[in-house]
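Results of the structural survey
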Amino acid sequence: MPIAPDSVTLYDANGAPANLPHEPLSDDDLRLLLEYKKFLARHGYREALYCTRCWTKNLEDGTRAEVKTEGLTVEALIQCRCRVAYGRGGGIH
Ligand SMILES: [Zn+2]
């Protein structure tokens, strides 16, 4: 099941539709995120993401990221309080 539908309708903590700017992730971005996730797992690390734009605007931290694979497809979502970065595709070689 996809992290988010193609239209990237996401919901905030209150269950209301999140009206955040959408930034598409390229296939290269998706492959890089997947490799990064594998790297972290291999070396026993876990990532902690912070959005510098939220930080600048003094918004509370609330960044979440998810990267997953389905067959040869990579799907990634990074959501914070000011935007959503999302992509699906990539292809693993
Ligand atoms: Zn942000």
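Above this text you will find the structure in question.
None of these values were measured; they are calculated from a predicted model.

1. Focus on the environment of Leu77
Relative to the helices and strands, Leu77 is located in strand 3 (residues 73-79). Sequence separation between Leu77 and Glu23 is 54 residues, and the spatial gap between their C-alpha atoms is 9.9 Å.

2. Overview of the sheet that holds strand 4 (residues 84-89)
On the basis of which strands lie adjacent, the open sheet formed by four strands has the order 1-4-3-2 and mixed pairing. Because the sheet does not close on itself, it has two edges, and the strands there are strand 1 (22-24) and strand 2 (64-70). Taken over all neighbouring pairs, the strand axes of this sheet differ in orientation by 15° on average, direction set aside. The sheet contact formed by strand 2 and strand 3 spans seven bridges and is antiparallel. Bridge pairing in strand 3 places Lys68 opposite Glu75. Its contacts with the sheet place helix 1 (residues 27-42) against strand 2, strand 3 and strand 4, and it is angled at close to 85° to strand 3.

3. A word on helix 1
With 16 residues, helix 1 should reach 22 Å at 1.5 Å per residue; the first-to-last C-alpha distance of 23 Å fits that figure. Trailing helix 1 by a residue or two, Gly44 shows a phi angle of about 75°, which is positive.

4. So, the pairing of strand 3
Within strand 3, six of the seven residues are buried, leaving the element largely enclosed by the surrounding structure. Connecting strand 2 to the antiparallel partner strand 3 that follows it, the hairpin turn spans two residues, and Gly71 within it adopts a positive phi of roughly 65°. Counting the residues in the hairpin turn of strand 3 and strand 4 gives four residues.

5. Re the nonpolar core
Among the nonpolar cores identified, the biggest contains 10 residues, and these are Leu25, Leu30, Leu33, Val67, Val74, Ala76, Leu77, Ile78, Ala85 and Tyr86. When contributions to this core are tallied by element, the ones reaching two or more residues are helix 1, strand 3 and strand 4. Looking at this core, the element that brings in the most residues is strand 3, giving four residues. If we skip the residues at most four places from it in the chain, Leu30 touches Leu25, Val74, Ala76, Gly87, Gly89 and Gly90.

Rules behind the numbers
Residues numbered from 1 in each chain as written. Predicted model: local features only at pLDDT ≥ 70, side-chain atom pairs only at ≥ 80, totals over all residues. Helix = DSSP H or I, 4+ residues; strand = E, 2+ residues; numbered from the N terminus. Pairing = 2+ DSSP bridges. Axes fitted to C-alpha atoms, helices over the stretch in contact; angles between N-to-C directions. Contact = placed C-beta atoms within 7 Å. Expected span 1.5 Å × (residues − 1). Buried ≥ 20, exposed ≤ 12 C-beta atoms within 10 Å, placed from the backbone. Core = buried A, V, L, I, M, F, W, Y, C linked by C-beta atoms within 7 Å.

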